[in-house]
Amino acid sequence: MNITPSLHAALGMVLALVCGTAVAQASPGTPPAGTLEERLNVILQDPQQVETYARMGQKVSLFCANCHGDGGNSVKSDVPNLAGQNPTYLLTQVRQFADGSRRYEFMERLIKAMSVDERLGVAVYYARQSVKPQPVHDAALVAEGKKYYDKVCWRCHGEQGRGSESFARVAGQQTDYLTQTLKNYRGSVGTRVNPLMTANTRQMTDADLRAVVAYVSSMR
Ligand code: HEC
Ligand code: HEC
């Protein structure tokens, strides 16, 4: 995606406004110690904190909606859905953008401008939203992709593609994002290198990849 410098500046200003309000209205008090993921687990066990953080995340999400869509259902095929994603996976990605281990310049700047509570808030909020399934364009291709998925991918991402703390939800994900991400893993392109994903995509032909993307994006 190309983002012009002026859009950058404008989005930065919006973020400052949105996040400023979020902090002022929903301060959850003194945070417990521990890693971000540990703090998330504490929040997820307490329904009241879940509500507080989800409200904060919702406010921040008004800004993210420019790209990730309302409630995290992206309307751009090359931008991932965040809706229904596992909260720990989301938080881990956010942490990786912040510490530079996952590179995407715009996301890095954005996340660095967010407070720790806002990072927790977006993870809690998006995980609670439901994913709108993508329409099926080619049923035969989807069926072929299902065969491949059921052989290889389900072991980590789950039979239904819903993921877990360590493995992303893939069900209903955007097609161009899936294609690009899988190609990057397969060719070890870019900095998002993951030995598990490289090992499990290395054998994929372009035809396999197209079929798997068709299936995964149609999963509910
Ligand atoms: C200008 C567009 C844009 C905006 C605004 C934006 N994002 Fe993103 N985001 C992206 C793109 C593009 C990617 C995919 C980057 C890649 O390919 O690695 C991404 C990736 C992510 C991911 C990783 C998802 C995954 O499936 O691994 C998370 C989490 C995320 N964004 C959170 C946010 C949050 C939270 C906000 C608001 C504070 C936000 N984004 C605002 C464009 C944007
Ligand atoms: C042995 C476990 C394992 C298997 C098998 C596996 N994956 Fe993954 N997958 C992972 C891990 C771990 C990540 C997160 C890596 C990271 O953070 O970059 C991931 C990430 C992904 C992502 C990126 C998600 C996002 O939102 O950015 C996609 C898409 C994906 N896998 C699809 C697949 C497909 C399709 C297959 C089958 C061809 C597959 N995976 C097989 C472990 C696995």
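Further up the page is the structure itself.
Quick notes on the rules
Residues numbered from 1 in each chain as written. Chains lettered and ligands numbered in written order. Predicted model: local features only at pLDDT ≥ 70, side-chain atom pairs only at ≥ 80, totals over all residues. Heavy atoms only, no water. Donors = N, O, S within 2.8 Å, 3.2 Å for Na, K, Ca; no water. Buried < 20%, exposed > 50% of the residue type's maximum accessible area, 1.4 Å probe, protein only. Axes fitted to C-alpha atoms, helices over the stretch in contact; angles between N-to-C directions. Helix = DSSP H or I, 4+ residues; strand = E, 2+ residues; numbered from the N terminus. Parallel < 35°, antiparallel > 145°, perpendicular 65-115°, else oblique. Left-handed = near helix turned anticlockwise from the far one by under 90°. Contact = heavy atoms within 4.5 Å. Nonpolar A, V, L, I, M, F, W, Y, C, P; charged D, E, K, R; others polar. Phe/Tyr/Trp six-rings, centres within 6.5 Å; stacked < 30°, edge-to-face > 60°. Near = heavy atom within 4 Å. Polar contact = N/O pair within 3.5 Å; in protein donor to acceptor, adjacent residues only side chain to side chain.

Caption draft 1: Layout of the coordination of the iron atom of ligand 1. For the iron atom of ligand 1, the full set of protein donor atoms is His 68 (NE2) and Met 107 (SD), at a range of 2.0 to 2.2 Å. Looking at Met 107, the relative accessible area reads 15%, which means it is buried.

Caption draft 2: Representation of the packing of helix 2 (residues 36-44) against helix 6 (residues 116-127) in the model. The geometry of helix 2 relative to helix 6 is characterised by a closest axis approach of 11 Å and an angle of 55° between their N-to-C directions. When the axis of helix 2 is compared with that of helix 6, the two are oblique. Seen along the crossing, helix 2 lies across helix 6 with a hand that is right-handed. Facing Leu 36, Arg 39, Leu 40, Ile 43 and Leu 44 of helix 2, the residues of helix 6 in contact are Val 116, Asp 117, Leu 120 and Val 124. When the residues that make up the contact of helix 2 with helix 6 are grouped by side-chain class, the tally is seven nonpolar, no polar and two charged.

Caption draft 3: Main features of the packing of aromatic side chains. Under the defined criterion, the tally for this structure stands at two aromatic pairs. Seen in terms of ring centroids, Tyr 149 and Tyr 215 are 5.6 Å apart; in terms of plane orientation they differ by 65°. Their pairing is edge-to-face. With Tyr 149 in helix 7 (residues 139-157) and Tyr 215 in helix 10 (residues 206-218), the pair connects residues that are 66 residues apart, well separated along the chain.

Caption draft 4: Looking closely at the site of ligand 1. Around ligand 1 sit 21 residues, and of these Cys 64, Cys 67, His 68, Arg 102 and Met 107 come closest. Interatomic distance of 3.5 Å between a side-chain N/O atom of Tyr 177 and an oxygen atom of ligand 1. Contributing elements (two or more residues each) for the shell around ligand 1: helix 3 (47-68), helix 4 (87-99) and helix 5 (105-112). Classifying every residue of the shell around ligand 1 gives 17 nonpolar, two polar and two charged.

Caption draft 5: Looking closely at the coordination of the iron atom of ligand 2. Looking at the iron atom of ligand 2, the protein donor atoms are His 157 (NE2) and Met 197 (SD), and they sit 2.0 to 2.1 Å from it. Residue classification places His 157 among the buried positions, given a relative accessible area of 14%.

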